[in-house]
Amino acid sequence: MEQNKVLPDGLDTFPKLLARNAVQWAELPAYREKEYGIWQSWNWAEVAENVNALAMGYVALGLNEGDHVAIIGRNRPYLYWAMLAAQSAGAIPVPLYQDANAEEMAYVLGHCGARFVIAEDQEQVDKVLEISDQTPNVEQIIYFDKRGMRKYDHTSLNAYEDVQAEGRAGNQRLAPILAERQARLDENSTCVMLYTSGTTGKPKGVVLSNTNIIASSIASSEFDNLAPGDSVLAYLPMAWVGDFIFSIGQCCWTGFCVACPESPETMQHDLREIGPTYFFAPPRFFEGLLTNVMIRIEDASKLKKHWFHKYMDHAKRVGPDLLDGKPVSFMDRLKYRIGDFLIYSPLKNTLGLSKVRVGYTAGEAIGPEIFEFYRALGINLKQLYGQTEASVFITQQPDGEVRADTVGVPSPGVELKIGDNGEVFYRSPGTFVEYFKNPESTKDTKDAEGWVATGDAGFIEESSGHLRIIDRAKDVGKMADGTMFAPKFVENKLKFYPNILEAVVFGDGRDNCTAFINIDLGAVGNWAERNNVAYTSYQDLAAHPDVYGTIQEHIEEVNKSIAKDSMLSGCQINRFLVLHKELDADDGEMTRTRKVRRKIVADKYDDLIGALYDGSATIATETEVTYEDGRKGSISATLELRDVKMVAA
Amino acid sequence: MSDTYVTEDGRTIGPPVLEMKNITLRFGGVTAIKDISFDIREGEIRAIIGPNGAGKSSMLNVINGFYHPQEGEVWFHGKKRKPMKPYKIAHQGIARTFQNIALFKGMSTLDNIMTGRFTHMKTNLFWQAIWKGPAEREEIENREIVEKVIDFLEIQAIRKTHVGALPYGLQKRVELGRALAAQPKLLLLDEPMAGMNVEEKEDMSRFILDVNDEFGTTIALIEHDMSVVMDISDRVVVMDYGAKIGDGTPDEVRNNQDVIDAYLGVAHEEN
């Protein structure tokens, strides 16, 4: 790990940043929360005072240096201060997922050995008390919301404001202790520990130092010119690294304002009231929002509908170019201005995205249609690629270079390299220190030179220098001629068509690629209704020649787009069939979160895969199905297999 | 029982706030309530249960002054209460909810709950028309109390929604909110859980307990659902055919033979 100093002098810990902000931006709002129907706000001086009082209260209660302090609750200013206060008292905050079940919570609390737990309300306190026999290390619980807490045994329970009051009362005695502890902190001290959800095995505690968090915050703030006056809405889980970077890291560095919604249900409404300038949401948020808009437009009056479609078509044509500052003709600009007045501005206002200057989405692939929709409206939505181990940022898209299919260029200070198997590695000041009490995993993930394996396969596009993520590294294979095979990359492209619900692509070790397709019964059924196509069941509709024709067209389009990719042109689909049943979690073909289990599907439909590769035109098959009540049945069908046009690379 | 005592879960129950003495209520030839006496003590949750037509709602209407009994006396805070209009009784600190929701359907949740503050508003039409000054101040003060109620009942997300558009369970909660906004000394709930699903019942039970616990509000409730009543009340009055057939803690009532008969339907000798 690099030991050379990367942080500015005197600003290498959060207590120092807070002290600076309390002087420099004393009157500027730092945190807001809607409570009792009104936006309450706290300026930096007030935040510093609150944090300080709480930190002294912690010390009075017996918090030691280096202790872990667990924080459980939804996004509230008080809980962010609880984290800052832990740092001020020389301890390490560990935010937990508030919806974690008792078992997960017991594991994490036990693993980090927290002596102090800060819980938002009675519900969270109950959860902690419920598992207290498994977590003897927890000594003190501090709760914020007093409601319903009066009857509890308070020997190890404390109200947040009482702890603060005690801290204030003991100021003379406690302030020097606090100062000593803060003096011992430096850029290498642990800033925060975050548990990764971990799809396999137990969650791992990612230890991030002050350098990690502050350097990442500085670099990313400069990348997007974040400044005081910007605002964000904090609504994503506090245990997620992104929220820590936005709501503590970048907030304390740049001095922008973090607003917390009144309750999870009012998020959409609060978003509109706050009108953040900096906004992050996962793709499914944007998808859901777009679906809502389209449904409401369908219900709108004819004139509104007409205008909406007319101007949205125009926006899709010129909007992204305008946003990227590319030349656009005068007439097109004029028409866009009119559209902005009539449609785009009111729509953005309703969505709460009017003021968004920098918007990010990440986590999974976003459909190009969805992405373009928001860009067309003039919302500067960009993609980034990151993970907890990197303190979020690995790559991000600079303004003016935004595309749906890349995740951007390396963030400032990040070095990238692609492994022999196509896996993406990175090294940066944000690279995590270690997995807590887990040297083995640390060694597996981070090598001696500091390169971290992401587990994702990707490549750097030569023309633009942008990184493109294609798949999880373990799913990427090689075709018979040695070219790269990335099934998910192709499947995602297919799934962006509304008619295609699922796709499974085969080709590892083969000469060419083939695919199973599941049609979307909603979308295709709707088409059938409009075109007077009679059908009885999924199986019936799936076998319809017109449906086959449409799917074939989609696949040919996908092939064309894959052909443009020098690295992946070998992944074009040669033959396909539309499955006679929907892949289903009850049959074990998918996980409960609707991710295809590739191996199981391949084993189960062995005969179909065989037919795809032996050139036969049809195949008769019989498949066992499990009904929701557990009974088994079987369906038999004769499936058509079709060849698809491929494009020369 | 002494004047005050502390319950197992640490709440203090005070002396009676309301005493019903030998109440008899007739509608023409029908006797709805026959010579019933009981009291409601400060800080307790008191349930009135009984089969359909037992006279429970009539009893509630006697308490809040909508009906005037032909015989018997109502004592409130140690004083005999003269017959008076329901709104005057509301001024004395008794608020209620209704079996069939009685909200202003076209108004928002917020406005509906604001109407609960009506008894606390002092400015007259003149000042309200001028608005600036006392009327505005008063509105702000009262809005603050209403917002605390909204926060308490966790209905922030429907603050500005028309009540008519809300599902039944939420409407019930809004109605409770309106009663709470009046900051009553005695809260009367007429079948607060009627027509609710299990989850909604659990929520409502929680809120009733929380209201009692947080604000120390005395609560009298009528309920059909025996299991809910037994879980949340301190004492229970059981009525059948207008008469009181049991009175005591849930355990005492549960083991009372008359109550068992009334609920299991033993043949009555006369009707």
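Per-chain numbering applies: the sequence of each chain, read as written, is numbered from 1 onward. Here chains are named by letter from A upward and ligands by number from 1 upward, in the order in which they appear as written. Local features in a predicted model are, by the rule used here, given only for residues with pLDDT of at least 70; side-chain atom pairs are given and counted only at 80 or more, and totals for whole chains, interfaces and linings are based on all residues. Working from all heavy atoms in the structure, the side-chain values ignore hydrogens and water.

K.L.:
Lay out the overall build of chain A with the relevant residues and their values.
P.N.:
When you go through chain A residue by residue, the secondary structure sums to 21 helices and 29 strands. The globule rule is 2.2 Å times the number of residues to the power 0.38, and the radius of gyration it is compared with is taken over C-alpha atoms. Relative to the compact-globule value of 26 Å for 649 residues, chain A shows a C-alpha radius of gyration of 27 Å, a close match. Projected onto its principal axes, the C-alpha positions of chain A cover 85 × 60 × 50 Å. Burial status follows relative accessibility: with a 1.4 Å probe on protein chains alone, a residue under 20% of its type maximum counts as buried, one over 50% as exposed, and anything between as partly exposed. Here chain A, with 649 residues, has 56% of them falling under the buried criterion. The long-range fraction of contacts in chain A, counting pairs at least 24 apart against all pairs at least 6 apart in sequence, stands at 64%. A 1.4 Å probe and the Shrake-Rupley method give the accessible areas. Residues count as covered only by the protein chains that appear here. As displayed, chain A offers around 28,000 Å² of accessible surface, 50% of which is attributable to carbon and sulfur atoms. For the purpose of charge, His is not counted, nor are the chain termini; Lys and Arg are scored as positive and Asp and Glu as negative. We put the charge of a Lys on NZ, of an Arg on CZ, of an Asp on CG and of a Glu on CD. Of the side-chain charges in chain A, 67 are positive and 92 negative, and the distance between the mean point of each set is 4 Å. Going along the chain from the N terminus, every DSSP run of H or I of four or more residues is numbered as a helix, and every run of E of two or more is numbered as a strand. Only heavy atoms enter the contact rule, under which two residues are in contact if any of them lie within 4.5 Å.

K.L.:
Give a detailed account of the overall build of chain B, specifying residues and quantitative values.
P.N.:
If you tally the helices and strands in chain B, you get 10 helices and 12 strands. The C-alpha extent of chain B, read off along each of the three principal axes, is 65 × 40 × 40 Å. Put simply, 67% of the contacts in chain B that link residues at least 6 apart link residues at least 24 apart. Carbon and sulfur atoms provide 52% of the accessible area of chain B, an area that totals close to 13,300 Å². Charge centroids of chain B, computed over 32 positive and 41 negative side chains, lie 9 Å from each other.

K.L.:
Now, about the sheet that holds strand S12 (residues 278-280) of chain A: what can you tell me, with residues and values included?
P.N.:
Residue and element names in this part refer to chain A. In this scheme, strands are said to pair when DSSP sees at least two bridges between them. The strand order across the open sheet formed by 5 strands is S12-S13-S14-S15-S16, and the pairing between neighbours is mixed. Edge positions in the sheet fall to S12 and strand S16 (409-410), since each has one partner strand and no second. Strand direction decides the pairing type here: strand S13 (residues 358-361) and strand S14 (residues 381-387), joined by 3 bridges, are parallel. Residue pairing in the sheet places Tyr360 in a bridge with Lys382 of S14. Only C-alpha atoms enter the line fits that serve as axes; for helices the fit covers just the stretch in contact. Angles between N-to-C directions range over 0 to 180 degrees. Where helix H9 (residues 241-254) meets the sheet, its contacts fall on S12, S14 and strand S15 (392-396), and the angle it forms with S15 comes to roughly 95°.

K.L.:
Can you break down the domain arrangement of chain B residue by residue, with the values?
P.N.:
Residues and elements named next belong to chain B. For the domain bounds, the source is a domain assignment made automatically or taken from a database. In terms of domains, chain B is made up of domain 1 (1-93 + 184-271) and domain 2 (103-183). Taken together, the contact pairs 20 residues of domain 1 with 13 residues of domain 2. Note: buried area is the sum, over both parts, of the accessible area (probe 1.4 Å) each one loses when the two are combined. For the pairing of domain 1 and domain 2, the buried interface totals around 1,300 Å² over both sides, and the portion due to carbon and sulfur atoms is 75%. A carboxyl oxygen of Asp or Glu within 4 Å of a side-chain nitrogen of Lys or Arg is what we treat as a salt bridge. Put simply, domain 1 and domain 2 have 1 salt bridge between them.

K.L.:
Tell me about the packing of helix H3 (residues 77-88) of chain A against H9 of chain A, residues and numbers included.
P.N.:
Residues and elements named next belong to chain A. Two numbers describe how H3 lies on H9: the axes approach to 11 Å, and their chain directions differ by 65°. For H3 against H9, the interelement crossing comes out right-handed. Counted together, Tyr80, Met83, Leu84 and Gln87 of H3 and Asp243, Phe244, Ser247, Ile248 and Cys252 of H9 form the full contact between these two elements. Each residue gets one label: Ala, Val, Leu, Ile, Met, Phe, Trp, Tyr, Cys and Pro are nonpolar, Asp, Glu, Lys and Arg are charged, and the others, such as Gly, are polar. Among the residues forming the contact of H3 with H9, the class breakdown is 6 nonpolar, 2 polar and 1 charged. Put simply, a crossing is left-handed when the front helix is turned counterclockwise from the back one by less than a right angle, and right-handed when it is turned clockwise.

K.L.:
Summarise the sheet that holds strand S11 (residues 235-240) of chain B; cite the residues concerned and give the values.
P.N.:
Residue and element names in this part refer to chain B. Pairing is mixed in the open sheet, where 6 strands are placed in the order S8-S9-S10-S5-S11-S12. In this open sheet, the two strands that pair with only one neighbour each are strand S8 (94-97) and strand S12 (243-248). Mean inter-strand twist for the sheet, computed between neighbouring axes without regard to direction, equals 15°. Where strand S5 (residues 45-49) lies against strand S10 (residues 218-223), 5 bridges are found, and the strand directions are parallel. Across the sheet, residue Ile48 finds its bridge partner in S10, namely Ile222. Those strands touched by helix H1 (residues 56-63) are S5, S8, strand S9 (186-190), S10 and S11, and its axis lies near 155° from that of S9. On top of the sheet, helix H7 (residues 198-215) reaches S5, S9 and S10; it is set at about 160° to S10, its chief contact.

K.L.:
How would you explain helix H17 (residues 521-530) of chain A if you had to name every residue and give the values?
P.N.:
Residue and element names in this part refer to chain A. Among the residues making up H17, those that are buried are Val524, Gly525 and Ala528. Burial along H17 is one-sided: seen end-on, the buried residues are contained in an arc of 100°. Turned more than 90 degrees from where H17 packs its buried face, Glu529 and Arg530 sit exposed. Its buried side turned inward, H17 meets strand S25 (513-519), helix H18 (538-542) and helix H19 (545-563). Polar contacts, as counted here, are pairs of nitrogen or oxygen atoms within 3.5 Å of one another; within protein the pair requires one atom able to donate a hydrogen and one able to accept it, and residues that are adjacent in sequence qualify only if both atoms are side-chain atoms. Its side-chain oxygen 2.9 Å from the backbone nitrogen of Gly522, Asp520 forms the N-cap of H17. A positive backbone phi angle near 55° is found at Asn532, which sits one or two residues after H17. What the arc describes is the spread of directions from the helix axis to the C-beta atoms.

K.L.:
Mind laying out the side chain of Thr211 of chain A, listing which residues take part and the relevant values?
P.N.:
Residues and elements named next belong to chain A. Position of Thr211 relative to the elements: it lies in helix H8 (residues 210-223). Judged by its relative accessible area of 4%, Thr211 is buried. Polar side-chain contacts of Thr211 include one of 2.9 Å to the backbone oxygen of Glu187. Those residues in contact with Thr211 that lie beyond four places of it in its chain are Val6, Leu7, Glu187, Asn188, Ser216 and Pro429.

K.L.:
Could you give an account of the confidence of the model for chain B, with specific residues and numbers?
P.N.:
When pLDDT is averaged along chain B, the result is 88; 96% of the residues meet or exceed 70. Ranking the helices and strands of chain B by mean pLDDT puts helix H3 (residues 109-115) of chain B first, with 94, and helix H10 (residues 257-264) of chain B last, with 80. pLDDT expresses how confident the predictor is about each individual residue, on a scale running from 0 to 100.

K.L.:
Could you give an account of the interface of chain A and chain B, naming the residues involved and the relevant values?
P.N.:
Facing the 12 residues of chain A at the interface are 13 residues of chain B. Carbon and sulfur atoms make up 43% of the surface buried where chain A meets chain B, a total of about 1,300 Å² over both sides. Considering only the surface of chain A that becomes buried against chain B, Tyr36, Arg147 and Lys151 of chain A emerge as the three largest contributors, covering 53% of it. Linking chain A with chain B are 5 salt bridges. For Asp213 of chain B, the salt bridge goes to Arg150 of chain A, with nearest N and O atoms at 2.7 Å. Residues of the side of chain A that touches chain B, tallied by class, amount to 1 nonpolar, 4 polar and 7 charged.

K.L.:
Can you break down the environment of Asn52 of chain B residue by residue, with the values?
P.N.:
Residue position: Asn52 of chain B is located in the loop between S5 and H1. Taking the C-alpha atoms as reference points, Asn52 of chain B and Glu136 of chain B, separated by 84 residues in sequence, lie 47 Å from one another.

K.L.:
Which residues make up the pairing of S15 of chain A, and what values do they have?
P.N.:
Regular strands have side chains that alternate between both faces of the sheet. Residues and elements named next belong to chain A. Burial within S15 is extensive, with 5 of its 5 residues counted as buried. Direction of pairing for S14 relative to S15: antiparallel, over a ladder of 4 bridges. Along S15, the bridge assignment pairs Gly386 with Phe393. Once S14 ends, the chain turns through 4 residues before running back antiparallel as S15, passing Ser391 with a positive phi of about 55°. Bridge count for S15 against S16 is 2 bridges, and the pairing is antiparallel. By the bridge assignment, Thr395 is partnered in S16 with Pro410.

K.L.:
Quick one: what's the story with the side chain of Thr277 of chain A, residue by residue and with numbers?
P.N.:
Mapped onto the fold, Thr277 of chain A is located in the loop between helix H10 (267-274) and S12. A polar contact is formed between the side chain of Thr277 of chain A and the backbone nitrogen of Ser231 of chain A, at a distance of 3.0 Å.

K.L.:
Tell me what's going on with the domain arrangement of chain A, and back it up with residues and numbers.
P.N.:
Residue and element names in this part refer to chain A. Taken domain by domain, chain A consists of domain 1 (14-279), domain 2 (283-378), domain 3 (380-475) and domain 4 (478-643). The gap between the C-alpha centroids of domain 1 and domain 2 is 36 Å. With 16 residues of domain 1 at the contact, the number on the domain 2 side is 14 residues. Together domain 1 and domain 2 conceal approximately 1,300 Å² of surface at their shared face, both sides included; 50% is due to carbon and sulfur atoms. Counting the surface domain 1 buries against domain 2, the share from its top three residues, Arg272, Thr277 and Phe279, is 44%. Across the contact surface, domain 1 and domain 2 share 1 salt bridge. Between Asp230 and Arg357 there is a salt bridge, with its nearest N and O atoms 2.8 Å apart. For the pair domain 1 and domain 2, the interface holds 10 residue pairs in polar contact (both at pLDDT 80 or more). Sorting the residues of the side of domain 1 that touches domain 2 by element identifies H10 and S12 as the ones contributing at least two each.

K.L.:
Give a description of the nonpolar core that names residues and reports values.
P.N.:
Side-chain atoms within 4.5 Å are what join buried Ala, Val, Leu, Ile, Met, Phe, Trp, Tyr and Cys residues into a set we call a nonpolar core. Among the nonpolar cores identified, the biggest contains 123 residues, and Tyr31, Tyr58, Phe279 and Tyr374 of chain A are the most heavily contacted of them. Counting 55 residues, the second largest nonpolar core, distinct from the first, contains Ile500, Ile519, Leu639 and Leu641 of chain A.

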